Amino acid sequence: MNTSVNTPLYEVFVRSKRGLDHKHVGSLHAEDAEQALEYARDCYTRRSEGVSIWVVKSGDITCSQEEDAASFYDPMEDKPYRHATHYVLPENIKNM
Amino acid sequence: MTQFKLNAEELEQAFQNRIDDEQKIEPKDWMPEAYRKNLIRQMSQHAHSEVIGMQPEGNWISRAPTLRRKMILLAKVQDEGGHGLYLYSATETLGITREELVEALQNGTAKYASIFNYPSLTWADIGTIGWLVDGAAIVNQISLQRTSYGPYARAMVRICKEESFHQRQGFESLVVLANGSAEQKAMAQDALNRWWWPSLMMFGPHDAESAHSAQSMKWKIKRKSNDELRQAFVDQTIPQIEFLGLKVPDDDLKWNEERGHYDFGAIDWDEFLRVVSGKGMCNKQRVEHHKKVHDDGAWVREAMRAYKVKTLDRNRMKEAS
Ligand SMILES: [Fe+2]
Ligand SMILES: [Fe+2]
Ligand SMILES: [Fe+2]
């Protein structure tokens, strides 16, 4: 029996330093979360790249599709007033 | 659950060392129970303020004087809802549920910024809220970007990026009024008169009287004291008021050459306590409105839950057959 096809894929996120967000660094196969965490340690943090690791089953991630970009992001493009730079400040007004 | 190898005393010492060393505390770290409690109080109060703060401004969305102003106000209020979300989520990393937080707001055990208990009476109030109230919030939030709890600090960074649009749109709107007709200018002055003192109160009691301050500073939950932040706000705002050609409603306000800061008059703390304790003009209305909207939306949450249960049942039946 070929079991390898069934070994679930995990996504690995590493916090490089306290205070920073965990960042996606790659993925790996493991039988369970515990094992994924150990593999991640061995694969992705061999040179002290992190202080904390998250592993998440790839199948548990729901993501938007690039083809949906129009309905997701286009409506944002005609709203320049959401940016501070849209408002011109008088020259002698600082600190805003 | 995380296992810790040190005893209680060593844990506490390691925790304080980490803070003294300017490192952030992250959700799965050991932390003193009082630190957790203190954070939950402050962060949830901040979250509630973002959400309740939508009401005085929301009051004017349908009556904004131009389409442009309406779109801007809508976008700002939408941001505030988002800020509430960032902060509630960050608070939930401390092991409390959203339901508990909302319940505490609705039953009055949790507070929100008492400035939102004042009514927004005229269109000039909307510009003034963006300029002064968001302006005061920004002074506080900039210093909180360096708070010791990681999720709170990161939420603050995200929020500060969005806030400066809030303040600028308010100021821009006031520039128009202050340079408009005599009536418009009077309306701007009237708004400043009503919002100035409550804005100064936003920074909380004087340092000597502040109940949570000393411990919060030691734990670096707060990075600057109430009085320091208030002074910074006054110093940066006076030139803006002068630019508008409006008058600060404070006869004691004057530049102090020696201190390099503005001196300002005594804050009416009785008024502050009255509003905090629930006797402000709009306290009842704000919480009632929150409850009503929450209850009105219950059917949506129930429908989503019912759909979820049905889908699970269906999948189970499919698997069984
Ligand atoms: Fe805010
Ligand atoms: Fe906000
Ligand atoms: Fe804001």
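What you are looking at is a predicted structure, and each value in this text was computed from that prediction instead of being measured. Residue indices begin from 1 for each chain and proceed along its sequence in written order. Working convention: letters from A go to chains and numbers from 1 go to ligands, in the order in which they are written. pLDDT decides what is reported in this predicted model: residues at 70 or higher carry local features, side-chain atom pairs at 80 or more are listed and counted, and totals for whole chains, interfaces and linings draw on all residues regardless. Where side-chain values are given, they derive from all heavy atoms of the structure, hydrogens and water being excluded.

Student: What is the right way to look at the side chain of Glu50 of chain B in this model?
Tutor: Residues and elements named next belong to chain B. Helical segments are the DSSP runs of H or I of at least four residues, strand segments are the runs of E of at least two, and each set is numbered from the N terminus. Looking at the element boundaries, Glu50 is found in helix α2 (residues 33-52). Three exposure classes are used, based on accessible area relative to the maximum for each residue type with a 1.4 Å probe and protein chains only: buried under 20%, partly exposed in between, and exposed over 50%. For the charge count, each Lys or Arg is scored as positive and each Asp or Glu as negative, with His and the chain ends excluded. Take a side-chain nitrogen of Lys or Arg and a carboxyl oxygen of Asp or Glu: if they are within 4 Å of each other, that pair is a salt bridge. Within the buried core, Glu50 has no salt-bridge partner, and the shortest N-O distance to an opposite charge, that of Lys76, equals 7.4 Å. Within the local environment of Glu50, its side chain forms a polar contact with the side chain of His83, the two groups lying 3.4 Å apart. In this structure, Glu50 is in contact with Glu80, His83, Gly84, Leu87, Gln141, Ile159 and Glu163, ignoring residues within four places of it in sequence. Pairs of N or O atoms are called polar contacts if they sit within 3.5 Å, as long as, within protein, a hydrogen donor faces a hydrogen acceptor (for residues adjacent in sequence, only side-chain-to-side-chain pairs). Should any heavy atoms of two residues lie within 4.5 Å, those residues are considered in contact.

Student: Explain the coordination of the iron ion (ligand 1) here, please?
Tutor: Octahedral six-donor coordination of a metal ideally yields angles of 90 or 180 degrees, compared with 109.5 degrees for tetrahedral four-donor coordination. Residue and element names in this part refer to chain B. Coordinating donors are taken to be N, O and S atoms lying within 2.8 Å of the metal, or within 3.2 Å when the metal is Na, K or Ca; because water is excluded from the atom set, some sites may appear incomplete. Taken together, the protein donors to the iron ion (ligand 1) comprise Glu50 (OE) and Gln141 (OE1), at separations of 2.2 to 2.6 Å. The metal-metal distance between the iron ion (ligand 1) and the iron ion (ligand 2) comes to 3.0 Å, with Glu50 coordinating both. With a gap of 91 residues between them, Glu50 in helix α2 and Gln141 in helix α6 (residues 123-144) connect regions that are remote in the sequence. Gln141 carries the same exposure label as Glu50, and that label is buried.

Student: It is not clear to me how α2 of chain B should be interpreted in this structure. Could you clarify?
Tutor: Side chains that are three or four residues apart share a direction in an α-helix, a result of its 3.6 residues per turn. Each helix should span, by expectation, one fewer than its residue count multiplied by 1.5 Å. End to end, α2 of chain B covers 28 Å across 20 residues, agreeing with the expected 28 Å (1.5 Å per residue, within 8%). Burial within α2 of chain B is extensive, with 14 of its 20 residues counted as buried.

Student: Is there a simple way to explain the nonpolar core in this structure?
Tutor: Nonpolar side chains in soluble globular proteins generally cluster together in the buried interior. What is meant by a nonpolar core is a set of buried Ala, Val, Leu, Ile, Met, Phe, Trp, Tyr and Cys residues, joined one to another through side-chain atoms within 4.5 Å. In terms of nonpolar packing, the biggest core is built from 74 residues, with Tyr35, Trp131, Tyr149 and Trp196 of chain B touching the most fellow members. A total of 10 residues in this core trace back to one element, the largest contributor, which is α6 of chain B. Among residues more than four places away in sequence, those in contact with Tyr149 of chain B are Ile25, Glu26, Pro27, Met31, Tyr35, Leu39, Met43, Ala90, Thr93 and Leu94 of chain B. Formed by seven residues, the second largest nonpolar core is a distinct cluster that contains Tyr10, Val12, Val14 and Ala40 of chain A.

Student: I tried to follow helix α5 (residues 98-106) of chain B on my own but got confused; where do I start?
Tutor: All names here are of chain B. When we look at burial in α5, the residues that qualify are Leu101, Val102, Ala104, Leu105 and Gln106. The elements touched by buried residues of α5 are α2, α4 (67-92) and α12 (283-296). With its phi angle positive at about 85°, Gly108 sits one or two positions after the end of α5.

Student: Whenever I open this one, the coordination of the iron ion (ligand 3) confuses me. Can you help?
Tutor: Residues and elements named next belong to chain B. Those protein atoms acting as donors to the iron ion (ligand 3) are Glu80 (OE), Asp134 (OD), Glu163 (OE) and His166 (ND1), and they sit at 1.9 to 2.3 Å. Under this scheme a four-donor centre is tetrahedral when all angles range from 85 to 135 degrees, a four-donor centre is square planar and a six-donor centre octahedral when opposite donors are above 155 degrees with the rest from 65 to 115, and any other centre is irregular. Geometry at the iron ion (ligand 3) is irregular, judged from its four donor atoms and the angles of 85 to 171° they form at the metal. Within one chain, the residues donating to the iron ion (ligand 3) are spaced in sequence as E-x53-D-x28-E-x2-H. Metal-to-metal, the separation of the iron ion (ligand 3) and the iron ion (ligand 1) is 4.9 Å. Of the two residues, Glu80 is situated in helix α4 and His166 in helix α7 (residues 150-178); the sequence distance between them amounts to 86 residues.

Student: What am I meant to see in the packing of aromatic side chains here?
Tutor: Aromatic rings considered in pairs are described by the distance between their centres and by the relative angle of their planes. Residue and element names in this part refer to chain B. For Phe, Tyr and Trp, rings pair up if their centres lie within 6.5 Å, where Trp contributes its six-membered ring, and each pair is then called stacked (planes under 30 degrees apart), edge-to-face (over 60) or tilted (otherwise). Summed over all chains, the structure comprises 12 aromatic pairs over all chains. Geometrically, the ring pair formed by Phe15 and Tyr35 is edge-to-face, given 4.9 Å between the ring centres and 75° between the ring planes. Separated by 20 residues along the polypeptide, Phe15 in helix α1 (residues 8-20) and Tyr35 in helix α2 bring together distant segments of the chain. Residue Phe15 is classed as buried on the basis of its relative accessible area of 2%. Taking the relative accessible area as the measure of exposure, Tyr35 reaches 0% and is therefore buried. Ring geometry for Phe171 against Phe243: centres 6.1 Å apart, planes inclined by 40°, an arrangement best described as tilted. Taken as a pair, Phe171 in helix α7 and Phe243 in helix α10 (residues 226-244) lie far apart in primary sequence, 72 residues in all. Through successive ring pairs, a cluster of aromatic residues spans Phe15, Trp30, Tyr35 and Trp219.

Student: How should I be thinking about the interface of chain A and chain B in this particular structure?
Tutor: A common way to report how large an interface is uses the accessible area buried once the components associate. Listed by partner, the interface residues are 19 residues for chain A and 26 residues for chain B. Defined here as a combined quantity, buried area equals the accessible surface (1.4 Å probe) lost by two parts on assembly, summed across both. Summed over both sides, the interface of chain A with chain B buries roughly 2000 Å², with 57% coming from carbon and sulfur. Its largest share of buried area at the contact with chain B, chain A owes to Arg18, Tyr87 and Met96 of chain A, together 38% of the area lost on that side. Counting across the chain A and chain B interface gives four salt bridges. Each residue is assigned to one class: nonpolar for Ala, Val, Leu, Ile, Met, Phe, Trp, Tyr, Cys and Pro, charged for Asp, Glu, Lys and Arg, and polar for all the others, Gly among them. Here the side of chain A that touches chain B is built from residues that sort into eight nonpolar, six polar and five charged.

Student: Would you mind going over the side chain of Ser120 of chain B with me for this structure?
Tutor: All names here are of chain B. Inspection of the secondary structure puts Ser120 in the loop between α5 and α6. Within the local environment of Ser120, its side chain forms a polar contact with the side chain of Asn59, the two groups lying 3.1 Å apart. Residues contacting Ser120, with those up to four places away along its chain left out, are Pro56, Asn59, Trp60, Asp125, Ile126, Ile129 and Trp195.

Student: Just to check I follow, could you spell out the environment of Ala47 of chain B for this structure?
Tutor: Residues and elements named next belong to chain B. Looking at the element boundaries, Ala47 is found in helix α2. Distance from Ala47 to Ser225, taken between C-alpha atoms, is 20 Å for residues 178 residues apart in sequence. Sequence-distant contacts of Ala47, defined by excluding residues within four places in its chain, comprise Gly84, Leu87 and Tyr88.

Shape is all these values report; function is a separate question.
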